[in-house]
Amino acid sequence: MTDIGELSGSSRSDELDEVLDEHMIGELAGLRSFQRGVGYLNDRRVESAAASDKGVRATVRGTMPYDVELWLDADTLNWSCSCPAAEDGSFCKHCVAVALSLLRTGERPEGASEPKRPSQRSRSADPDVLLLEGFVHRLDVERLAEIVLQQAADDWRLRERLLLEARSEQGIGPDLDEWRQRIKGVLGARRHVSYHEAPEWAAIVDDMIDAMVDICDAGHGPEAAQLAEYAHRRADRAMGLVDDSDGWLTVISDRLADLHLQACEQSTSDPVKLAKRLAKLEMTSELDGFHRSAARYAEVLGPSGLTAFRRAIEPQWRQIDPKDDGWSSDVSRLREAMIGWALAMDDPDALIEAHRRERIHPTDMVEIAAAFERAGRDDEAVEWARRGLSGTGHGSWHAGNTRDFLARKLRERGETGAAVDLYWKTFEASPSLSNYRRLKQEDTGVDWLSRGREHLLRRLDPSGDNPLLAYGAPTDGSVPEDVMSDDASAAPAAAAILTEILLFEGHAQQAWDTAVQLGTSSQMWMTLARERERRSPRDSITVYASAALAIIDRKRANQYKSAVDLMSRIQRLAADAGEPELFDSLLQRVRTEHRAKRRLKELLDRAGW
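Residues numbered from 1 in each chain as written. Predicted model: local features only at pLDDT ≥ 70, side-chain atom pairs only at ≥ 80, totals over all residues. Heavy atoms only, no water.

J.: Which parts of the structure should I look at to understand empty space enclosed by the protein?
T.: Unfilled space is identified by rolling a water-sized probe across the atoms. Counting across every chain of the model gives two cavities of 30 Å³ or more. Among the secondary structure elements, those contributing two or more residues to the lining of the largest cavity are α7 (156-169), α8 (176-187) and α9 (198-217). By residue number, the principal contributor to the lining of the largest cavity is α7, which donates six residues. Of the residues contributing to the lining of the largest cavity, the split by class is six nonpolar, no polar and seven charged. (1 Å grid on protein atoms, 1.4 Å probe; cavity = no way out; pocket = protein on both sides within 12 Å on 5 of 7 lines; lining within 4 Å. Points joined across faces, edges and corners; volume = space filled by probe spheres on them. Helix = DSSP H or I, 4+ residues; strand = E, 2+ residues; numbered from the N terminus. Nonpolar A, V, L, I, M, F, W, Y, C, P; charged D, E, K, R; others polar.)

J.: Would you explain the pattern of salt bridges in this entry?
T.: Should their charged atoms come close, side chains of opposite charge can pair. What the rule picks out here adds up to 49 salt bridges. One salt bridge connects E160 with R159, and the closest N-O pair in it is separated by 3.2 Å. By relative accessible area, which is 11% here, E160 ends up buried. Two residues, D539 and R532, come together in a salt bridge whose shortest N-O distance is 2.8 Å. There is no split in this pair, since D539 and R532 are both buried. (Salt bridge = Lys/Arg side-chain N within 4 Å of Asp/Glu carboxyl O. Buried < 20%, exposed > 50% of the residue type's maximum accessible area, 1.4 Å probe, protein only.)

J.: Which parts of the structure should I look at to understand the nonpolar core?
T.: In globular proteins that are soluble, nonpolar side chains generally tend to be buried together. Grouped together as the largest cluster of nonpolar side chains are 178 residues, with contacts concentrated most on L70 and W525. Ranked by residue count, the leading element in this core is α9, at 11 residues. Those residues within four positions of W525 in sequence are excluded, and the remaining contacts are V479, V483, M484, W512, A515, V516, T520 and V543. (Core = buried A, V, L, I, M, F, W, Y, C linked by side-chain atoms within 4.5 Å. Contact = heavy atoms within 4.5 Å.)

J.: Help me understand a nonpolar patch on the surface, please; the structure alone is not making it clear to me.
T.: Where nonpolar side chains cluster on the molecular surface, the patch consists of L132, F135, V136, L144, V148 and L162 and spans about 460 Å² of accessible area. Among the elements of the structure, α5 (127-138) and α6 (141-154) are those that each provide at least two residues to the nonpolar patch. Top contributing element to the nonpolar patch by residue count: α5, with three residues. Positionally, L132 belongs in helix α5. On the accessibility criterion, L132 (54% relative accessible area) is exposed. (Patch = residues over 30% accessible without salt bridge, like charges linked within 9 Å, V, L, I, M, F, W, Y side chains within 5 Å. Areas by Shrake-Rupley, 256 points an atom, 1.4 Å probe, with all protein chains shown as cover.)

J.: Got a minute to help me understand the packing of α9 against helix α10 (residues 221-237) in this structure?
T.: When two helices pack together, their arrangement is captured by the angle between the axes and the distance separating the axes. Running from N to C, α9 and α10 cross one another at 155°; their axes reach a closest spacing of 9 Å. In terms of orientation, α9 and α10 fall into the roughly antiparallel class. On α10, the residues touching M212, I215 and C216 of α9 are A224, L227, A228 and A231. The class makeup of the residues in the contact of α9 with α10 is seven nonpolar, no polar and no charged. (Axes fitted to C-alpha atoms, helices over the stretch in contact; angles between N-to-C directions. Parallel < 35°, antiparallel > 145°, perpendicular 65-115°, else oblique.)

See the structure below:
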């Protein structure tokens, strides 16, 4: 179904790509749809476009191919999408992907014209801002000073900013003792900070870090570094007093570490002394802001600093018991510090030593492979990547980085077939739509649909003896009436994946036939039913009725509205098909079999049934 939403567009240009900007797209779509649309664009799901000066039509590959159109009519932006989410006129994720494709160079759908740089609303275009700017510029100095000082009395950030500039003018840095007291007061929690109090507490800390960044930006790098180190130690002590379920302390630790690095990059501190401080921070902190610090600070430390860092951790490194499993926090921190040093040195052999050769986890091997690549030792890089992929298995969720690294190296060697085969083995081990899509990206010249379908059918029937599993076997296309019930047999995963792939490829009828023959997931039944509403409303009604009855049978009153919404959809489809009796029979069954459910009865009465 195609629905149109409208928004008054800018009069700046007749052309669509000048009307659109990312802020507008975000406002139209909302955060969730915008983020998912960005993902669709990055996954290159926008294709088959036809562009003109006033609009664009494109196909976006979602669960199935959806048709999107964006156009201007009398300087008004209009849009349409054939997906279910756009039925109410919403600017869906598919519209977001197409709109963004017009703005991003290199990401436009084929056939779309070169986008112009989107205009941004000028800050001075706001009449209130214009009024304020004019007023402030007309104020005399004494009145302006009075206003600023009154505000500074109540706003410590403003006060600190003014003091910082005043001190800098006289060649004086920030008052470190006063700042340490402030940090201690904010981070030195004297009582437990509960889960509900943590966001407000974290906001106060964040505000304080912003002020510390001001110190660094004002050219006081050494002072900012000292304060960042002190604040990180205080944050580390606060771990036992703050409910950190949402990870506030991790964010604080990362911000302080980023500030510290920025401050060190701006100053000319002694690299040997800095190395010793970094080693101590990393080895004594529970928080991970200074994790693998030698690698992050390699340019700042230089050769002498890196040598000093190694010397600082060497005594403890030599004391590690060879039988230690590495799971204790002290040993783990020491190991990560040594890995950071090895990465900073760009020495793959030292990195193997740091990982402790006999206990290297397969997921760490891609890091070693990358180190060998940087050292120009490609054969060893490929060998370590192969070892890592063999250890994790092709179907493992965390094998992706290793597989991508190895595939790239194989392509560089001219072994394109071997690179593509890595992704086929991944699909074989763990079939999914995402793995199938990756296959298509890796080699567009292969009929992956036929090959993937054959593999999935073999999974369903390894012997090949069951004629019902022969693709294209006769079927009357009818779906069981209890297909969505909780008692219905669960469909094999391979059948659900095959249905999903067929629908993604635009073969809606084949997807339906496959689901009827082999079964599919509940979610896919609902997607297929929505797709068939126009062509075969009886099929859609059967699925929706089964889903509504299944919801009611669960006896959860808070879900009855979903069942009634489905019944409303069935009523519309039955009326459009000229068979209102299909809805009438369902309604009679629900009222008869579930008459004791008072909440359900209220919803049915409210619907006028």
